[in-house]
Amino acid sequence: MGRLRIGRAGVVVVAAGVVLAGCGSGQDEADEQKAKLAAAAKASAAAAASQANLLKTRTAAAAKVKANELGQVPVLMYHRVVDKPATQDDRTPKQFRTELERLARENYVPVTAAEFVTGRIDIPAGKHPVVLTFDDSSPSQFELDGVGVPRPNTAVAILQSVAKAHPGFRPVGTFYVTRDMFGKETPEEGAQMLLWLTDKGFDIGNHTRDHLNLRGKEKKAVNAEVAAGHRLITGLIKTPPVTLALPYGNQPDTKEWGLKGSSGDVSYNYGGVFLAGYTPALSPFNKKFDPLGIPRIRSMDKTGDCAKFCSVAWLDWLKANADERYTSDGDAKTIAFPKFKAPFVAKSFSDRVLPY
């Protein structure tokens, strides 16, 4: 009997041992799960705190430079750069250089028209974007010597010279070309010019093939002329134009025809259509920004009508009214502005706002 009892006791003990061991394993798993949840909660809290600190830092940085990425941007319009101006649109090399040097001194950084209309304005904090546009593809704007260097006193050569003297001043702009194509007669020469420009960061825009006034024309005629300019460019380089500059600044009877359309084998759908002059442009992040008619400013001194409405006058105004000017926060992923300007943000950019 004693053995039997021992045996039974042994069985009981062993069974109990198994039960006890099972309970211990479950408790360990529960403790481990609790520890993991606690660690995850701690990591989440730390990440939230880090994100909050980052937001606070970015907001403080934006406030420090008085960022206003809903502000106005000067889009300057140039034509020929020649020693003896023959029209009110011409500038001398000295005048052109003087204006670029002023822009550099006043903390402007050039961006292309394509970068502007698509909101890819990636410039340092406290700087202001400016868009340099050149109409009609004149040889005075761009010409290469035999070794592929821009000839002296052309617009490109002057721009590169100013940029070299002012680090951070990007030597880029947008050329609105026509079939004249910088005076080149063959497709190979035209392609050489456009390839050089795009390789250096310049932007090629459509100015229509024949520079005809689009006002009053039927839709078919407008589409055909814009498409012909588009085809001219894409026949020479792979990069299609993103913007159109209207000849003479005249909009077609239906504005949308310049922005989107098709003719033959060509379809176009642009990010923006530029006019010929008048005022600074609104930020592309501003709800009032109109891609169908983006104003430009003619480059000229403060004389006659230009006493108020050309480049020198408007640059003076933007300097005197700095709170109206686009000022970057230095982060291309965010759109920073004073809180009271929040009602002006376009809804499509609401996920990027950084009010302060």
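Structure's up top.
Residues numbered from 1 in each chain as written. Predicted model: local features only at pLDDT ≥ 70, side-chain atom pairs only at ≥ 80, totals over all residues. Heavy atoms only, no water.

A.B. asks: Teacher, can you tell me more about the environment of Pro 338 here?
C.D. replies: Take Pro 338: it is sitting in the loop between β13 (335-337) and β14 (353-355). Each C-alpha atom, one on Pro 338 and one on Asn 68, is 6.8 Å from the other, the two residues being 270 residues apart in sequence. Those residues in contact with Pro 338 that lie beyond four places of it in its chain are Ala 67, Asn 68 and Tyr 356. (Helix = DSSP H or I, 4+ residues; strand = E, 2+ residues; numbered from the N terminus. Contact = heavy atoms within 4.5 Å.)

A.B. asks: So what exactly am I meant to see when it comes to the state of the cysteines here?
C.D. replies: Cysteine pairs can be linked by a disulfide, which is a covalent bond between their two sulfur atoms. Under the defined criterion, the tally for this structure stands at 1 disulfide. A sulfur-sulfur separation of 2.0 Å characterises the disulfide bridge that pairs Cys 306 with Cys 310. One disulfide, between Cys 306 and Cys 310, carries an S-S torsion of -45° and so falls in the left-handed class. Per residue, the accessibility class of Cys 306 equals that of Cys 310, and both read buried. (Disulfide = S-S within 2.5 Å. Buried < 20%, exposed > 50% of the residue type's maximum accessible area, 1.4 Å probe, protein only.)

A.B. asks: Where do I start with the environment of Leu 103 in this structure?
C.D. replies: Summarising the element assignment, Leu 103 is placed in helix α2 (residues 93-105). Between the C-alpha atom of Leu 103 and that of Val 130, which follows or precedes it by 27 residues, the distance is 8.2 Å. Beyond its immediate sequence surroundings of up to four residues, Leu 103 is in contact with Leu 76, Tyr 108, Val 130, Leu 132, Phe 169 and Leu 315.

A.B. asks: What is the right way to look at the pattern of salt bridges in this model?
C.D. replies: Close approach of charged atoms allows side chains of opposite charge to pair. Evaluated as defined, the whole model comprises 15 salt bridges. Here Lys 184 and Glu 143 are joined by a salt bridge, their closest N and O atoms 2.9 Å apart. One end of the pair, Lys 184, is in the loop between β5 (174-177) and α5 (187-199); the other, Glu 143, is in the loop between β4 (128-135) and α4 (155-165), and 41 residues separate them in sequence. Using a relative accessible area of 21% as the deciding quantity, one classes Lys 184 as partly exposed. Put simply, Arg 231 and Asp 265 hold a salt bridge, and the shortest N to O gap is 3.0 Å. Of this pair, Arg 231 sits in helix α6 (residues 219-234) while Asp 265 sits in the loop between β8 (260-263) and β9 (266-269), and the two are 34 residues apart along the sequence. Among the residues examined, Asp 265 registers a relative accessible area of 67% and is labelled exposed. Via salt bridges that share partners, Arg 102, Glu 106, Lys 302, Asp 316 and Lys 319 belong to a single interconnected network. (Salt bridge = Lys/Arg side-chain N within 4 Å of Asp/Glu carboxyl O.)

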